[in-house]
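Residues per chain are reported as follows:
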Amino acid sequence: MIKKIFYICVAILILLISFFIIRKYLIEKKLKDEINEIYNLIYMEEYDYEKIYTKINSIISNDDYAIVEECAKDYLSDLFKQILEISNIINDDKISDVLTISNFNDDGPDFKNTKDYLKTTKQKILNLEADILFYLEEKTIMAYIIDENLEDSYVNLYKSLKFAKNKEVLEKKEYIENLVDQFVNKIEQEEKVIEFLIENKNNWNISDNTINFNSSQLSDEYNKMIAEINK
C-alpha cells in the first residue's frame, strides 16, 4: 500500500513537472513567434504598417514574460524607425529625377541645387547607416533589457530571440552596408555626370526633350556614364 501511494505521488509529481515544462515551452514559443514575426516584417520589401504597429503596440504575454516582450518590441520599434528612414531616402523619386531632361532644364548648366541635394543625401544616408549599425550592436540590443532586474532565464530568453542572435545580426549588418554602398555608388555616379555637364556647359544643349553635344566624343562619354548607371 505504501509503495502504491509512493508510485502515485511520483506519477503525480512527474505529471506536474511535465505540465509546467510544457506550459513554459508553449508560453515561450508564443512569445518567440510574435517577436520573430515582427522582426521578419520590418525587413520586408513592402511594409504592412498596420500589422507591424498593431503587433508592436500590443502585449500578448503575462508576468515577467510581458517585460521580455515589451523590451523586444521597444527595440524592434526603434530599429524599424531607422530602417524606415533609410528606406525613404533610397526610394525617394527625387534621386531618379537628377539625370532627367526636366532637371537639366531647371537646374542646369551649373546645377547648384542638384549638387547640394546629392551631397546632403549622401551624408544623410551615411549617418543613418552609422545609426542603424549602432542599433545592431549586441551592447545596444541588450541595453533594452539589462536594467529590468529579471532572472537570468528571462534575459536568456530575450537573447534567444531571432533579432538578438549573432548570425542574424551579422547578416543584417551586411545587408544594410550593401544597401547603403549601392545607393552611395549611385549618387557618386550621378555626381560624376553632373560634374561632366558643368565642365562642358558650353558644349551641350536641350532640344526636342533630348540632350545634344557638339562633339561625338562628349556624347559618347556621356552615354557611357549613363549606361554604367543603368546597369
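Scroll up to find the structure this text is about.
Visitor: What am I meant to see in the overall build of the protein here?
Guide: For the protein, the helix and strand inventory stands at 10 helices and two strands. Each helix and strand of the protein, placed in order from N terminus to C terminus, yields the pattern α-α-α-α-α-α-α-α-α-β-β-α. A burial count over the protein gives 39% of its 231 residues as buried. Within the protein, residue pairs in contact and separated by at least 24 positions form 72% of the contacts whose partners lie at least 6 positions apart.

Visitor: I would appreciate a short explanation of the environment of A66 in the present structure.
Guide: Along the chain, A66 falls in helix α3 (residues 63-90). Look at A66 and you get buried, because its relative accessible area is 15%. Once you skip the residues sitting within four places of it in the chain, A66 turns out to touch I59 and S61.

Visitor: Even after reading the chapter, I still don't get a negative patch on the surface, so can you show me in this structure?
Guide: Taken together, the side chains of E70, D74, D147 and E148 make up a negatively charged region of the molecular surface. Note that E148 resides in the loop between α7 (138-143) and α8 (152-160).

Visitor: What should I look at first to understand the pattern of salt bridges in this one?
Guide: Between side chains of opposite charge, pairing is possible as soon as their charged atoms come close. The full count for this structure, using the stated rule, is 14 salt bridges. We note a salt bridge from E34 to K73, for which the minimum N-O separation is 2.9 Å. Residue E34 is located in helix α1 (residues 2-41), and its partner K73 is located in helix α3; the two are separated by 39 residues in the primary sequence. Assigned by exposure class, E34 and K73 land together as buried. Notably, a salt bridge pairs K73 with E69, separated by 2.7 Å at the nearest N-O pair.

Visitor: Please clarify how unusual backbone geometry should be interpreted in this entry.
Guide: Excluding glycine, residues mostly have negative phi values, and the peptide bonds linking residues are mostly trans. Across the junction of G108 and P109, the peptide omega takes the value 5 degrees, indicating a cis bond. Structurally, the position occupied by P109 is in the loop between α5 (101-107) and α6 (112-135). Residues other than glycine seldom take positive phi values, yet D63 does so here, at roughly 55 degrees. Of note, D63 is situated in helix α3.

Visitor: Explain the pairing of strand β2 (residues 210-213) here, please?
Guide: Both faces of the sheet carry side chains from a regular strand, because those side chains alternate between them. Side chains of β2 alternate between two faces, with I211 and F213 buried and T210 and N212 left unburied. Note: strand β1 (residues 204-207) against β2, four bridges, orientation antiparallel. Directly across from I206, in β2, lies its bridge partner I211. With antiparallel pairing between neighbouring strands as the criterion, β1 and β2 make up a hairpin whose turn holds two residues, including D208 at a positive phi of roughly 50 degrees.

Visitor: Would you mind showing me how to read the side chain of E190 here?
Guide: Within the secondary structure, E190 is located in helix α9 (residues 166-199). Among buried Asp, Glu, Lys and Arg side chains, E190 stands out as unpaired, with K186 the closest opposite charge at 4.8 Å. Discounting chain neighbours no more than four positions away, the residues touching E190 are I95, V98, L99, L118 and I229.

Visitor: Help me understand the side chain of E129 in this model?
Guide: Tracing the sequence through the fold places E129 in helix α6. Buried charge without a salt bridge: E129, with K173 as the nearest opposite-charge side chain at an N-O distance of 11 Å. Residue contacts for E129: discarding those within four places in its chain leaves I86, I176, E177 and V180.

Visitor: Looking at this structure, how should I read the packing of α3 against α8?
Guide: Packed helices, taken two at a time, are described by their axes: the angle between them and the distance between them. Where α3 meets α8, the axes come as close as 10 Å, and the angle between the chain directions of the two elements is 35 degrees. At the point where α3 passes α8, the crossing takes the right-handed sense. Along the contact surface, α3 presents D64, Y65, V68, C71, A72 and Y75, while α8 presents Y154, L157 and Y158.

Visitor: Please explain the packing of aromatic side chains as it appears in this structure.
Guide: One pair of aromatic rings is described through two measures. These are the centre distance and the angle between the planes. Tallied over the entire structure, the rule returns 17 aromatic pairs. Measuring from ring centre to ring centre gives 5.4 Å for Y39 and Y43, while their planes differ by 70 degrees; the resulting arrangement is edge-to-face. By relative accessible area, Y39 is classed as buried at 3%. Overall, the relative accessible area of 15% leaves Y43 in the buried class. Centroid distance Y75 to F163: 5.0 Å. Interplanar angle 25 degrees. Geometry classified as stacked. Note that Y75 is positioned in helix α3 and F163 in the loop between α8 and α9, a separation of 88 residues in sequence. This pair shows no difference in class: Y75 is buried, exactly as F163 is.

Calculation notes
- Residues numbered from 1 in each chain as written.
- Predicted model: local features only at pLDDT ≥ 70, side-chain atom pairs only at ≥ 80, totals over all residues.
- Heavy atoms only, no water.
- Helix = DSSP H or I, 4+ residues; strand = E, 2+ residues; numbered from the N terminus.
- Buried < 20%, exposed > 50% of the residue type's maximum accessible area, 1.4 Å probe, protein only.
- Contact = heavy atoms within 4.5 Å.
- Patch = residues over 30% accessible without salt bridge, like charges linked within 9 Å, V, L, I, M, F, W, Y side chains within 5 Å.
- Areas by Shrake-Rupley, 256 points an atom, 1.4 Å probe, with all protein chains shown as cover.
- Salt bridge = Lys/Arg side-chain N within 4 Å of Asp/Glu carboxyl O.
- Lys, Arg positive; Asp, Glu negative; His and termini not counted.
- Charge placed at Lys NZ, Arg CZ, Asp CG, Glu CD.
- Pairing = 2+ DSSP bridges.
- Axes fitted to C-alpha atoms, helices over the stretch in contact; angles between N-to-C directions.
- Left-handed = near helix turned anticlockwise from the far one by under 90°.
- Phe/Tyr/Trp six-rings, centres within 6.5 Å; stacked < 30°, edge-to-face > 60°.

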